[in-house]
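# A closer look at the structure
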Amino acid sequence: MKNIERELICPICQELFTHPLILPCQHSVCHKCVKELLMPNHDDSLSTDAGSESSNPGSPRARVPSPSMEKLERLVRSGSISSPGWRRSSVTPRVTTFPCPGCQHDIDLGERGISMLFRNFTLESIVERYRQAARAAVAIMCNVCKPPVQEATKSCMDCKASFCNECFKMNHPWGTPKAQHEYVGPTTNFRPKVLMCPEHEMEKVNMYCEVCRRPVCHLCKLGGSHANHRVTSMSSAYKILKEKLSKSIHYLISKEDQVRTQISELDVLIHHTEENGQLAERRANEHFEHLFETLQERKTEMLRSIQQSRNLRVERLRTQVEEYQGMLENSGLVGYAQEVLKETDQSCFVQTAKLLHVRIQKATESLKTFQPAATPSFEEFVLDTSKEEILLKELSFSGVPEPPVIDLSRCCVYNEGLIHWRLSEDSLPTDHHIVEFRKLGAEEDEEEEPCWSATERVYGCSTVVSDLSSDSRYAFRVKSCRNGVFSPCSPEVTFHTPPAPVFGFLFNEKCGFSAERLQLSQRRDSVESVAGMSFLLAAERVQTGSYICLDYIIGDTGISHGRHYWAFRVQPNSYMVKVGVASDSKLTEWFHNPRDTSSPRYDHDSGHDSGSEDTCFEVSQPFTLVTVGMGRLFIPKASVSAAGDHSSRVLPMPQRIGVCLDYDAGRVFFYDADTMRLLYERQVDCSGTMYPAFGLLGGGAVHLEEFITAKRLSYL
């Protein structure tokens, strides 16, 4: 039994299976592990079962630590676990999909969750036999005896208890229904006699679905999820599967010599791998030692050159200092000349003064045209090692994979970061990738090595990084791994998270939406203004008193407290689009009293028509709209821009626009969502429920950002 221990270990908690469940992919996982994956905040109903051996000190796996919640949290943060069943009204997302720890295939349990899974009673029995074999001398005691407790000799599967001989006779008297109970040898694993259908709890399973490869009951076949599937009788499935398994086992046993030969070959490969690895380490160490020696030699030569130049320059400057000191009174050349002047003999004076006068003239000329004998600058000795540093950082083995490149066009960072990357077209396949990220502070110590956090292994070309702080800058990089060798990291990219949590919403198709002039996408995340015939006729009738109005559309979710952020894209060729927030009372007024856009003063906050901007005001209104159109964003006159430049009110239209509403403070902010640069802010009256508001005129479109949290919505 001890030889099969590796087959009895749960791949998540790394302990012996406890109440194992069979996943749709036929792999087994502990009930408590699946429960923690799907509902980490709920208590496990089976964790207090009397028969649980996970805490039994006699268990051979008691030395293995309990399941780590940190591992489960890392699975959630890395994006390996998704929750497609979450709706906006739910408080906590209900996870229904997770990767199988055995094959990494996504397991979708649907609405029924764990209740649709069968317990693997066969595996449970084998684990129990293994525990008994491992415990050896540890006896199972009677559950009924009064002290002193006797050793159990039987276990009743109906009573789910163990008994000694005397207690069994007393609790199962002859001639009573209890005498018909099924009993086995002493055990702590009490399994039901009959396997019941998880979908129809009162029905026994009596058929086998060949499509889903699981037992089903007759109701599943008649009108359930297996109605159109091919099924067979349980006895037939038992006979066929047992025959196949027996043949496979017999084949493996017959190939035992071949297996032993291959094991020997693998042992040889392990030995060669260890030797070749050590050889590769020695060779790599030799190469680095040679590089160190070469670098040390070059360092010595270059430092010697600097030292020689320094000594030569200092010597020249000191000589010049001595010459100039001689020009001082009573010292050096001047003092000597003063002594010569005391000579009274004319012939002797002339003989000495001739040469002295030449020296004095040279000193005078050098004083008039002062120039140091050497320059103190060592600019010619500045060493630029940037290229060499890049080469050293890219130094790698010939089989090292090429670094990936982060695809900025597909990345988006909010409360979570969705990071995409790509590999070069001619690169070989990689085993997995690691995404590293770190928060950038306002002041970073250049001497300290930056601290990077890493995700779990990623087997695709994208992942989700969770738990990012608001209004913070993060750096991301990716590295690939093939055959245990990592590539250099990709170039770092920096993202700025929004100043508030993401506010997820869709366009409201019922409130104020004009189906005649606005086209809404099926998912309600894009709206387009159609400048059709009705718009043209309305423009033609302007002279007769008709009007052309803005077509408003709002979000389907309102805001009544807190700080919230959302982002969107305005189509570059849009004529005029207004974006911002508005209260429910103001929206009611707009929807019932459309304004005449032919008037130059139809809207205080337009920023797009000159007449309205003459009325520059700072009064708090129950709405704030900024005008975007013709590739420009127009800042209203009364605003205060982030840069403090009041003269420039026409800005290039950002590719993505972000809006942050601080309901409690009564302020709204507009950002360039790519750089998180503040474009415009102003006070807004948040007396009612505030909604994201959009107004379109004359052709244009708005596309909501596909927030990471919005991917968990079930669109109805």
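Whatever comes next refers back to the structure up there.
Below is a short write-up of the structure. What you see is a predicted model, and the numbers here were worked out from it, not measured in a lab.

### Quick word on the sheet that holds strand β9 (residues 207-209)
Here we have three strands laid out as an open sheet, ordered β10-β9-β11, and antiparallel in their pairing. The two strands at the open ends of the sheet, each matched to only one other strand, are β10 (214-216) and β11 (231-233). Across this sheet, the average inter-strand angle for adjacent strands is 40 degrees, counted without regard to direction. In terms of strand pairing, β9 meets β11 through three bridges, oriented antiparallel. The partner of M207 across the bridge, within β11, is S233. Of the strands in this sheet, β9, β10 and β11 are in contact with helix α6 (residues 234-254), which crosses β11 at around 90 degrees.

### Things to note about the pattern of salt bridges
Inspection of the entire model under this criterion finds 17 salt bridges. Across the pair R422 and D407 runs a salt bridge whose closest N-O atoms are separated by 3.7 Å. Linking R422 in strand β14 (residues 417-422) with D407 in the loop between β12 (405-406) and β13 (412-413), this pair joins segments that are 15 residues apart in sequence. Put simply, R569, R656, D674 and E705 are held in one network by salt bridges that share partners.

### Digging into the sheet that holds strand β7 (residues 161-163)
Pairing within the open sheet is antiparallel, and its three strands lie in the order β7-β6-β8. Sheet topology places β7 and β8 (183-184) at the edges, where each strand pairs with a single neighbour. Two strands pair when backbone bridges link them, and strand β6 (residues 154-156) and β8 are joined in this way by two bridges, in the antiparallel orientation. In the sheet register, C156 faces β8, and the bridge partner there is Y183.

### Re the packing of aromatic side chains
If you walk through the whole model with that rule in mind, you get 13 aromatic pairs. For the ring pair F507 and F694, a centre distance of 5.4 Å and an interplane angle of 80 degrees mean the geometry is edge-to-face. Taken as a pair, F507 in the loop between β20 (493-496) and β21 (518-520) and F694 in strand β32 (residues 690-697) lie far apart in primary sequence, 187 residues in all. Classification of F507 as buried rests on a relative accessible area of 0%. Classification of F694 by relative accessible area gives buried; the value is 1%. Here the aromatic residues F437, Y474, F476 and F495 are joined through ring pairs into a cluster of three or more. Over the aromatic face of W452 sits the side chain of R477, whose NZ or CZ is 3.9 Å from the ring centroid. Here the guanidinium or amino end of K479 rests over the ring plane of F486, the centre of that ring lying 4.8 Å away.

Conventions adopted
- Residues numbered from 1 in each chain as written.
- Predicted model: local features only at pLDDT ≥ 70, side-chain atom pairs only at ≥ 80, totals over all residues.
- Heavy atoms only, no water.
- Pairing = 2+ DSSP bridges.
- Helix = DSSP H or I, 4+ residues; strand = E, 2+ residues; numbered from the N terminus.
- Axes fitted to C-alpha atoms, helices over the stretch in contact; angles between N-to-C directions.
- Contact = heavy atoms within 4.5 Å.
- Salt bridge = Lys/Arg side-chain N within 4 Å of Asp/Glu carboxyl O.
- Phe/Tyr/Trp six-rings, centres within 6.5 Å; stacked < 30°, edge-to-face > 60°.
- Buried < 20%, exposed > 50% of the residue type's maximum accessible area, 1.4 Å probe, protein only.
- Lys NZ or Arg CZ within 6 Å of the ring centre and 35° of its normal.

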